[in-house]
Amino acid sequence: MQAAHAEEKPRLNIRQLLGPLAAVPGVYWALVVLLILLGIQSPRSVEPTFLLDFTRQAAALGIVAIGQTVVMIAGGLDLSVGAIVILVDVVAAQMINNDPGLIVPVVLLCLALGVLIGGINGLVVTRLRVAPFIATLGMSSVVLGAALVFSQGAPRGGIPQEMRIWATGFFNLWSAEWFGAIPRAAVVWAVFTVVMVLLLRRTIFGRYLYAVGANKVSAHVSGVRVQLITWLSYVVSGVSAAIAGLVLAAYIGVGTLKLGDDYMLNSIAAAVLGGTPFEGGRGSIIGTVGGALFLYVLFSLLAVLELPFVGKLPHGGRLIAQGVIFIVAVALYARSRRRAS
């Protein structure tokens, strides 16, 4: 006679098998796959010096996306970041106007603009109770209009070499013959990333931020000042966009009204690819860093990709491929989250 309760076989747990690797955000595994495909299409693109250059190219987007991540963890959204990048770029180029003595005061002014715009976004969302999508989309139009008025539609001036070096320069290492040199823009990004990781993991603000995103009512009942935390998240996003605008201004050396357009959607894409959901309460800065790198490697792969009977993809084809890959990646992530829960 069989036992009433047969001994159950132990279930295979993939997370236990992977050990510490299970904690690595999935976007990094996708990034490895992209790098392999890029290496097949263009072997030179995966040499160490070229890989380091990806960090320089992705620095501005990565910084913007970190601020976007903070807002999304709180359950919000910031569609004004691209316009802030444009405004800061224009203001920095025109006010500094190739005068090294004006770098510090203008940089501080640009950071103050980020605080001001982010603070206004936060007030509109928390005090006036306007939906984040509407509030920040309206602010995006206001800020872009301010950039047009300030520059009179034709940005002037320039960034001196003393500032440009922080976006175009390199730190030479003792092993430069193999690893090349570390881009200074990547160092700025890395320092900002470390600061934000510590802010979210080691401070009360970080704990409250996740609590607000997970459940505003429960957070309020627990004594969390929900409106203050939400307001601060938008301030962080505004400052992040201002820093990215300064990095971008230093990189291109002139003011422009066109380079901030992609930062709004791509910052959201980087955050979502890194594991930050729209509903809030979850997300990580490290995942967002991987999301920004993923996007730039994807852009490079699509630029060199050659298909049979088609050849290199035209610009329209690359946009279609980017959209499809993004949708598939987010869908796979959402499916894995549902299984995990």
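Residues numbered from 1 in each chain as written. Predicted model: local features only at pLDDT ≥ 70, side-chain atom pairs only at ≥ 80, totals over all residues. Heavy atoms only, no water.

Peer 1: Quick one: what's the story with the overall build of the protein, residue by residue and with numbers?
Peer 2: A tally of helices and strands in the protein yields 15 helices and four strands. Expressed as a percentage of its 341 residues, the buried residues of the protein come to 45%. For the protein, restricting intrachain contacts to residue pairs at least 6 apart in sequence, the fraction spanning at least 24 positions comes to 75%. Carbon and sulfur atoms make up 67% of the accessible area of the protein, which totals about 17900 Å². (Helix = DSSP H or I, 4+ residues; strand = E, 2+ residues; numbered from the N terminus. Buried < 20%, exposed > 50% of the residue type's maximum accessible area, 1.4 Å probe, protein only. Contact = heavy atoms within 4.5 Å. Areas by Shrake-Rupley, 256 points an atom, 1.4 Å probe, with all protein chains shown as cover.)

Peer 1: Provide a residue-level description of the packing of aromatic side chains, including the pertinent values.
Peer 2: Throughout the structure, instances matching the rule amount to one aromatic pair. Relative to Phe299, the ring of Tyr296 lies with its centre 5.5 Å away and its plane at 65 degrees, an arrangement referred to as edge-to-face. Within this pair, Tyr296 and its partner Phe299 are both found in helix 14 (residues 285-304), separated by three residues, close to a single helical turn. Overall, the relative accessible area of 16% leaves Tyr296 in the buried class. Between the NZ or CZ atom of Arg184 and the centre of the ring of Trp166, over which it lies, the distance is 5.0 Å. (Phe/Tyr/Trp six-rings, centres within 6.5 Å; stacked < 30°, edge-to-face > 60°. Lys NZ or Arg CZ within 6 Å of the ring centre and 35° of its normal.)

Peer 1: I'd like to hear about helix 14, residue by residue, with values.
Peer 2: Here helix 14 spans 29 Å end to end across 20 residues, near enough to the 28 Å set by a 1.5 Å rise per residue. The buried count for helix 14 comes to 15 of 20 residues, which makes it a mostly enclosed element. Of the residues that open helix 14, the one with a side-chain oxygen 3.0 Å from the backbone nitrogen of Gly287 is Ser284. (Expected span 1.5 Å × (residues − 1). Polar contact = N/O pair within 3.5 Å; in protein donor to acceptor, adjacent residues only side chain to side chain.)

Peer 1: So what's going on with the packing of helix 3 (residues 48-73) against helix 9 (residues 184-202)? Residues and values would help.
Peer 2: Packing of helix 3 against helix 9 leaves a shortest axis separation of 8 Å and a crossing angle of 20 degrees. In this view, helix 3 runs roughly parallel relative to helix 9, as classed from their interaxial angle. Classified by chirality, the crossing of helix 9 by helix 3 is left-handed. Contact with helix 3, carried on its side by Thr55, Arg56, Ala58, Ala59, Gly62, Ile63, Ile66, Val70 and Ile73, involves Ala185, Ala186, Val188, Trp189, Phe192, Thr193, Met196 and Leu200 of helix 9 and no other residues of that element. For the contact of helix 3 with helix 9, a count of residues per class yields 13 nonpolar, three polar and one charged. (Axes fitted to C-alpha atoms, helices over the stretch in contact; angles between N-to-C directions. Parallel < 35°, antiparallel > 145°, perpendicular 65-115°, else oblique. Left-handed = near helix turned anticlockwise from the far one by under 90°. Nonpolar A, V, L, I, M, F, W, Y, C, P; charged D, E, K, R; others polar.)

Peer 1: So what's going on with the nonpolar core? Residues and values would help.
Peer 2: Of all hydrophobic cores here, the largest spans 80 residues; its most connected members are Val70, Ala92, Trp189, Met196, Leu200 and Leu209. What Val70 contacts, discounting residues up to four positions off in sequence, is Met196, Leu200, Phe205, Leu209, Ser233, Val236 and Ile285. Membership of the second largest hydrophobic core comes to six residues, among which are Leu77, Leu79, Ile268 and Val272. (Core = buried A, V, L, I, M, F, W, Y, C linked by side-chain atoms within 4.5 Å.)

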